[in-house]
Amino acid sequence: MKAAVFYAAKEPLRVEEVPTPEPGPGEVLVKVAACGLCHTDLHYTDHGVPTFKKPPLILGHEVSGTIAGLGKGVSGWSEGDRVLLPAVYGCGRCAMCRTGRENVCENMVMFGNNVDGGYAEYLLAPAKDVLALPDEIPLVEGAIIADATTTPYHAVVNRGKVRPGDTVAVFGCGGIGLNVVQVAAAVGANVIAVDIVDEKLGWAKELGAQTTINSANVERVDKEIRKLTGGGADIGFECIGNPMAQGQTFNSLRTGGRFVVVGFASKPMQLNTGKVMYREMEIIGSLGCRAVDYPRVIELARQGKIKVKELVTARFALDDINEGLDALRAGAGIRSVVVP
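Overview of the structure. Source: prediction; values computed, not measured.

Buried residues of helix 6 (residues 221-229): Val221, Asp222 and Ile225, and no others. Taken down its axis, helix 6 places every buried residue within 105° of arc, on the same side. Residues of helix 6 that are buried in the fold lie against strand 11 (167-171), strand 12 (190-195), strand 13 (211-214), strand 14 (233-238) and helix 7 (243-251).

This is the structure in structure tokens:
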């Protein structure tokens, strides 16, 4: 089969022929329909963040496709079934899994990190973790549900605990941030979207933001939000992974507000812990999505309550994957997918 293989940081992925994997006991072989291009992959290719499986490795963790083969003992699936793969899956045995927090499993496995991922024509997945993708959801665009939609759902619903009527500030309107906007709007929040690109703020409006702020055009975006809200937002989501934006998000909140860290940052932010104590502020981390929530997000997409197809603004052939990564680096579009 053809695959885009990662060998080392600062090098382009190499598109080459590799053996097609054979499903073992409890596994399914998935023919990849699409795999989303994600900034997580740029951590490996551009910044030298190590992968758990040493290269050579096939990256890609937002996968949709069809069942192409069944391993021994697999039941409930047939060849040709439309499926979605979660970006990560848990062991089911550790304390986190046993308490319903599989997304922070102590033995977590991530496609394109611990095992080969979806920048290929085929990949293997545990049958227990595969999810059915309804006919109402387009197979190619549905790939982004694996991470770009489910990660924001978990951040908004489970970690941010957003309720109808809450005022929410979302910093960063990339693929993750825009989905935070639309999920927060879907649950009834008043959303303020912040970015430095007017085009992205336009998308945020289309996805449910009541107010948008181009932070490049105001002296202090945190002061602007406190002024607009009469004291600050109830919940703030930082979706970039920028220490300065993290500080701005925190400072945009009212007394007793909740700051949800969604974007990965390699450098620390400055934090006034006296303010955290004196004003009873909450700081919450959010990673991925729990297994139990994937069917809920798929159903929201099936009903059209959240948009999926509209967020995929570019497709790239596997041979052109490095062009796709360049587009990701440039911040082009909302979300791009690779179609093998």
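Once that is clear, we can look at the environment of glutamate 79. Residue position: glutamate 79 is located in the loop between strand 5 (63-70) and strand 6 (82-85). Along the backbone, glutamate 79 and lysine 31 are 48 residues apart, and their C-alpha atoms lie at a distance of 9.9 Å. Residues contacting glutamate 79, with those up to four places away along its chain left out, are Ile67, Ala68 and Gly69.

Turning to the side chain of threonine 167, a few remarks are in order. Looking at where threonine 167 falls in the secondary structure, it is placed in strand 11. Judged by relative accessible area, threonine 167 falls into the buried class, the value being 14%. In this view, threonine 167 contacts Asn190, Ile192, Thr229, Ala233, Asp234 and Ile235; residues no more than four positions away in its chain are not counted.

Before going further, it helps to examine the nonpolar core. The biggest cluster of nonpolar side chains holds 91 residues, and the ones touching the most others in it are Tyr119, Ile145 and Phe237. No other element matches helix 4 (residues 175-186), which puts six residues into this core. In this view, isoleucine 145 contacts Leu84, Leu133, Ile137, Thr150, Tyr294, Val297, Ile298, Ala301 and Val308; residues no more than four positions away in its chain are not counted. Core analysis: the second largest hydrophobic core is formed by 13 residues, Val194, Val221, Ala233 and Phe259 among them.

Between side chains of opposite charge, pairing is possible as soon as their charged atoms come close. This model, assessed by the stated rule, comprises 17 salt bridges. Between arginine 226 and aspartate 222 there is a salt bridge whose closest N-O contact spans 3.5 Å. In this pair, arginine 226 and aspartate 222 both sit in helix 6, four residues apart, roughly one turn of the helix. Looking at aspartate 222, the relative accessible area reads 4%, which means it is buried. Across the pair arginine 329 and aspartate 326 runs a salt bridge whose closest N-O atoms are separated by 2.8 Å. Placement of both arginine 329 and aspartate 326 in helix 10 (residues 321-329) is noted, with a separation of three residues, approximately one turn of the helix. You can call arginine 329 partly exposed: its relative accessible area is 39%. One connected set of salt bridges, linked through shared partners, spans Asp46, Asp326 and Arg329.

Reading across from one edge, 2-1-4 is the order of the three strands in this open sheet, with antiparallel pairing throughout. At either end of the open sheet lies a strand with only one pairing partner, and these are strand 2 (14-17) and strand 4 (57-58). As judged from the four bridges shared by strand 1 (residues 2-6) and strand 2, these two strands associate in the antiparallel manner. Opposite valine 5, over in strand 2, you have arginine 14 as the bridge partner.

This next bit is on the sheet that holds strand 13. Ordered in space as 13-12-11-14-15-16, the six strands form an open sheet in which the pairing is parallel. Of all the strands in the sheet, just strand 13 and strand 16 (282-285) have a single pairing partner and so form its edges. With strand direction ignored, the average angle separating the axes of adjacent strands in the sheet is 20°. Summarising the sheet, strand 11 and strand 12 pair through five bridges and their orientation is parallel. Paired with valine 170 across the bridge in strand 12 is alanine 193.

It is worth spelling out unusual backbone geometry at this point. Backbone geometry follows two general trends: most residues other than glycine have a negative phi, and most peptide bonds adopt the trans configuration. Cis geometry marks the peptide bond from proline 55 to proline 56, where omega comes out at 5°. Residue position: proline 56 is located in the loop between helix 1 (39-47) and strand 4. Positive phi, normally seen in glycine, also occurs at lysine 10, with a value near 70°. Residue lysine 10 is classed as exposed on the basis of its relative accessible area, which comes to 68%.

As enumerated under the stated definition, the model contains two aromatic pairs in all. A centroid spacing of 5.5 Å and a plane angle of 55° characterise the contact between tyrosine 89 and phenylalanine 111, whose relative ring orientation is tilted. Here tyrosine 89, found in strand 7 (residues 88-89), pairs with phenylalanine 111, found in the loop between strand 8 (109-110) and strand 9 (122-126); they are 22 residues apart in sequence, far enough to count as distant. On the accessibility criterion, phenylalanine 111 (1% relative accessible area) is buried. Over the ring of tyrosine 7 we find arginine 14; its NZ or CZ atom is 3.8 Å from the centre of that ring.

The volume enclosed by the second largest pocket comes to roughly 300 Å³. What lines the second largest pocket is a set of 22 residues, and nearest its centre among them are Pro21, Lys53, Ile58, Asp116 and Leu124. Elements that contribute at least two residues to the lining of the second largest pocket include exactly strand 4 and strand 9. The element that contributes the greatest number of residues to the lining of the second largest pocket is strand 9, accounting for five residues. Across the lining of the second largest pocket, the residue classes break down as 17 nonpolar, one polar and four charged.

Definitions and cut-offs
Residues numbered from 1 in each chain as written. Predicted model: local features only at pLDDT ≥ 70, side-chain atom pairs only at ≥ 80, totals over all residues. Heavy atoms only, no water. Buried < 20%, exposed > 50% of the residue type's maximum accessible area, 1.4 Å probe, protein only. Helix = DSSP H or I, 4+ residues; strand = E, 2+ residues; numbered from the N terminus. Arc of directions from axis to C-beta. Contact = heavy atoms within 4.5 Å. Core = buried A, V, L, I, M, F, W, Y, C linked by side-chain atoms within 4.5 Å. Salt bridge = Lys/Arg side-chain N within 4 Å of Asp/Glu carboxyl O. Pairing = 2+ DSSP bridges. Axes fitted to C-alpha atoms, helices over the stretch in contact; angles between N-to-C directions. Phe/Tyr/Trp six-rings, centres within 6.5 Å; stacked < 30°, edge-to-face > 60°. Lys NZ or Arg CZ within 6 Å of the ring centre and 35° of its normal. 1 Å grid on protein atoms, 1.4 Å probe; cavity = no way out; pocket = protein on both sides within 12 Å on 5 of 7 lines; lining within 4 Å. Points joined across faces, edges and corners; volume = space filled by probe spheres on them. Nonpolar A, V, L, I, M, F, W, Y, C, P; charged D, E, K, R; others polar.

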